[in-house]
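Inside the fold
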2 protein chains.
Amino acid sequence: MTLKLYVDRISPSCREVIIFCKLNGIDFEEVTISLSKHQQLSPEFQEVNPIKQVPAIMDGIFKLSESHAILRYLAFAFPGIADHWYPADLYKRAKVESVLDWQRTTFPRGPASYVFYSVSAPAVGLPLNTKAAARTEKNLIASLATIESVWLQKKGRFLLGNDQPSIADLSLACEIMTLEIVDEKDRERILGPFKRVLKWLDDTKNAMEPHFEEVHSTLSEIKEKLQKQRNAAGSKITQSGRKPDLQSKM
Amino acid sequence: MTLKLYVDRISPSCREVIIFCKLNGIDFEEVTISLSKHQQLSPEFQEVNPIKQVPAIMDGIFKLSESHAILRYLAFAFPGIADHWYPADLYKRAKVESVLDWQRTTFPRGPASYVFYSVSAPAVGLPLNTKAAARTEKNLIASLATIESVWLQKKGRFLLGNDQPSIADLSLACEIMTLEIVDEKDRERILGPFKRVLKWLDDTKNAMEPHFEEVHSTLSEIKEKLQKQRNAAGSKITQSGRKPDLQSKM
């Protein structure tokens, strides 16, 4: 029975699971659960994941949610997954776990929050929030500084000084890629100072081609759609004399 | 060489690591890194954990941070740890991972945030924030409802319907115990409706005695200290006619 992935590619946690399967030749059926259409709340999806979140998987009758738990499971459950993804060695694995957990405790929704407050909130009928965007940018920059100075090291192209990527590289890179949605000048301001992070992102993309780029192409589509919405809102200003963020508050 | 735990018992993530070691007969030296004295920022501690967070451990020359990563490591690295803590079985372990990750993605700082905004902010010179407390209470209640209806099941006393606790029970229980710091009536309002959660908390405490209670005794001390500070602030109001939250903003 084919593995089913319940996902929406707008979510970095979903993209990482899809890319992992593609990179490792794991057959799967992609079932889109559209977050913008609130399909995660449907009774049918709640049979798969009562937590009402994506990603979720069904492997035969086995159901699982939470992307990091899913990646760990897939690395064990399918044959032939290279050890570097989730090392068997006690010490190497513990370090990978440490990065995965740091991502969840310290970096939670860092890039996603910034993108939400700075560009995508109007898409769900909420105003842009420059104050919240500035606050999340500050946290995001502090976290990027930790990646630059602690998790990336002089030796090795990948996190923890490794020569090959682990699931922690995949997950963190997918999360940072969310910044592709914001304007180039904002992305450059945030990521530009972190030369080591930028090189690692390139190395990670290259190590995971063509799947990394293919799965992330959804971000260009989202960026374009948001731009059109902003342009439409801009023409409304001309008509009404109101700013778009005030309009969407109403 | 004895395992060193760098911890502050005010943090639930630290308490879970201490309790795990005590329950499993793992010898350790407890090195207190006082968060209220900002000792996590000292150059000495940064040699142990450049991320500047507790808990962190040193096992010989091996350094590790992030409490869930530490628990997984300890369960592997020390002999004789019972399987129920972190099951070897692929499916059972994946489910434990799912709860651990859910705790980090959906429940992040739930009880701690509520406690901060509703009682402990003045201890670090910030005002109480009833609006933020109300918002975090709402999120906290939604998460407790998920524990009640999804993670706890009719069969089995512990999370996922298990008969014995896993590291997910330990970690989640330590986090919820943070609510011991707030007034009894607030704690009752939040936890009272969740009968299954309350029973599970009791079962978890009982399964982990005497260490669970001993390590959590620090919370009563904190509650008493905060109460004294509030009383002192209250007497200042009488003298100045100002509310304490306005005073501490100044």
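Residues numbered from 1 in each chain as written. Chains lettered and ligands numbered in written order. Predicted model: local features only at pLDDT ≥ 70, side-chain atom pairs only at ≥ 80, totals over all residues. Heavy atoms only, no water.

As annotated in an unreviewed UniProt entry, chain A carries the name glutathione transferase and is attributed to Anisodus tanguticus. Quoted straight from UniProt, the Sequence similarities (unreviewed entry) entry for chain A says "Belongs to the GST superfamily. Theta family." Quoted straight from UniProt, the Catalytic activity (unreviewed entry) entry for chain A says "RX + glutathione = an S-substituted glutathione + a halide anion + H(+)". (UniProt positions renumbered as here; feature names shortened; annotations may be inferred.)

1. Thoughts on the UniProt feature "domain: GST N-terminal" (unreviewed entry) in chain A
Per the UniProt entry, the sites bearing "domain: GST N-terminal" (unreviewed entry) are residues 1-82 of chain A in this numbering. This span, residues 1-82 of chain A, is 35% helix and 22% strand, and a straight line between its end C-alpha atoms measures 23 Å. (Helix = DSSP H or I, 4+ residues; strand = E, 2+ residues; numbered from the N terminus.)

2. Things to note about the relation of the copies chain A and chain B
By a simple turn and slide, chain A fits onto chain B: the slide is 0.0 Å along the axis, the RMSD is 0.0 Å, and the turn is 180°. Taken together, the rotation and translation describe the operation of a two-fold axis. When each C-alpha of chain A is compared by its distance to the rotation axis, Arg104(A) comes out closest, at 2.9 Å. Taken as a fraction of all interface residues of chain A, those also at the interface in chain B reach 100%, which identifies the copy contact as same-surface. (Least-squares fit on C-alpha atoms with pLDDT ≥ 70 in both. Contact = heavy atoms within 4.5 Å.)

3. Points about the sheet that holds strand E4 (residues 62-65) of chain A
Residue and element names in this part refer to chain A. Here 4 strands make up an open sheet; going across it, the order is E2-E1-E3-E4 and the pairing mixed. A single partner strand is all that each edge strand has here, and the edge strands are strand E2 (28-32) and E4. Each strand of the sheet is rotated relative to its neighbour by a mean of 20°, with strand direction disregarded. Relative to strand E1 (residues 3-7), helix H1 (residues 12-23) is tilted by about 150°, and along the sheet it contacts E1 and E2. Each of E1, strand E3 (56-59) and E4 is contacted by helix H3 (residues 67-77), which is oriented at about 135° to E4, the strand it contacts most. (Pairing = 2+ DSSP bridges. Axes fitted to C-alpha atoms, helices over the stretch in contact; angles between N-to-C directions.)

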